Amino acid sequence: MKPALTRCIVIAAVCLAAGLMVTGNGCGLSRTPRPSPRSYLLDYPAPQAVQKPALPVVIRVERFSAAPELSGVQMLYRDAPYASTAYSLYRWRAAPADMASFFLARDMNASGLFTAALPYDTRLAATHSLEGRVEEFYENDAEQKHWQAVLSVSVTLARENEPDVTKRIVFQKTYREVRAASVNNPQAVAGAMSEAMRSVSERIIADVYEALSRKG
């Protein structure tokens, strides 16, 4: 084969390969990968034991319920009145109601203010039960310089062995916290929601202790 012909064949092969590379790039091989879904959860340290006498009560923290729009793990945000939107890529690792009841039971037990605080699935008997419902659990973006975490929880403390239903309820109350995120992104909102849950938990525990100290 003549040298000139060989060079022509090599050049043609190189051009063909280059053309295939360009075609491949045009088909999307060089595009930036789509971001992967991210899951977030509440996270904050358990409280230290309070230097107060522990009450002789055993409280079972029931599995919380939630408002209809909060039944799943969608991470919701609101940026206009009457509007609620779910992120497509960001979600909670667990349902808001499950996270709220878990952290409250954990914090009540860590506080040392009661003989015991039990999770809802325990087989042990309890003197009192604490039911709850998560009313709000969302990111507020409407007319705010900084995004906010909004949390609202309603709880009912009841005596377990009281035959008179009119005397069974110790107290019922709603707690609400709004915390600003450090920056405007879902991860920072998860951090702000954790701080909101910490505050709500502290307030519930203090009220439960005060109510049982007075009424038993």
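The paragraphs below set out a description of the structure included in this document. (Residues numbered from 1 in each chain as written. Predicted model: local features only at pLDDT ≥ 70, side-chain atom pairs only at ≥ 80, totals over all residues. Heavy atoms only, no water.)

**Focus: the pattern of salt bridges**
Our working definition: What makes a salt bridge here is a side-chain nitrogen of Lys or Arg within 4 Å of a carboxyl oxygen of Asp or Glu, nothing more. A run of H or I in DSSP counts as a helix once it spans at least four residues, and a run of E counts as a strand once it spans at least two, with each numbered from the N terminus. Note on exposure labels: buried denotes an accessible area under 20% of the residue type's maximum, exposed denotes more than 50%, and partly exposed covers the range between, all computed with a 1.4 Å probe on protein chains only.
Tallied over the entire structure, the rule returns 12 salt bridges. Two residues, Arg-63 and Asp-98, come together in a salt bridge whose shortest N-O distance is 2.9 Å. With a gap of 35 residues between them, Arg-63 in the loop between strand E2 (55-61) and strand E3 (65-66) and Asp-98 in helix H2 (residues 96-111) connect regions that are remote in the sequence. Among the residues examined, Asp-98 registers a relative accessible area of 26% and is labelled partly exposed. With its nearest N and O atoms 2.9 Å apart, the salt bridge here joins Arg-203 to Glu-177. Residue Arg-203 is found in helix H3 (residues 186-215), and its partner Glu-177 is found in strand E9 (residues 169-180); the two are separated by 26 residues along the sequence. When its relative accessible area of 31% is taken as the criterion, Arg-203 is described as partly exposed. Residue classification places Glu-177 among the buried residues on the basis of a relative accessible area of 13%. Several salt bridges share partner residues, and in doing so they unite Arg-60, Glu-62 and Glu-160 into one network.

**Looking at H2**
One full turn of an α-helix is made of 3.6 residues, so residues set three or four places apart face in the same direction. In plain terms, the rule: By this rule, a helix spans an expected 1.5 Å times one less than how many residues it contains.
The first and last C-alpha atoms of H2 sit 22 Å apart over 16 residues, in line with the 22 Å expected at 1.5 Å per residue. Looking only at H2, the buried set comprises Pro-96, Ala-97, Met-99, Ala-100, Ser-101, Phe-103, Leu-104, Ala-105, Asp-107, Met-108 and Ser-111. Backbone geometry just downstream of H2 places Gly-112 in the positive-phi region, at approximately 75 degrees.

**Things to note about empty space enclosed by the protein**
Stated formally: A cavity here means a set of points on a 1 Å grid, drawn over the protein atoms and nothing else, where a 1.4 Å probe fits but cannot get out; a pocket is an open set with protein on both sides within 12 Å along at least five of seven lines, and a residue lines either one if it has an atom within 4 Å of a point. Grid points are joined across faces, edges and corners, and a volume is the space filled by probe spheres set on the points. Each residue is assigned to one of three groups, with Ala, Val, Leu, Ile, Met, Phe, Trp, Tyr, Cys and Pro labelled nonpolar, Asp, Glu, Lys and Arg labelled charged, and all others, Gly among them, labelled polar.
In total, this model carries 1 cavity of 30 Å³ or more according to the counting rule given. One number sums up the size of the largest cavity: a volume of about 40 Å³. Lining the largest cavity are Glu-69, Leu-70, Leu-76, Arg-78, Ser-84, Glu-135, Glu-136, Phe-137 and Tyr-138. Listed by contribution, the elements that provide at least two residues to the lining of the largest cavity are strand E4 (74-78) and strand E7 (128-140). Considering each element in turn, the lining of the largest cavity owes the most residues, 4 residues, to E7. Here the residues of the lining of the largest cavity sort into 4 nonpolar, 1 polar and 4 charged.

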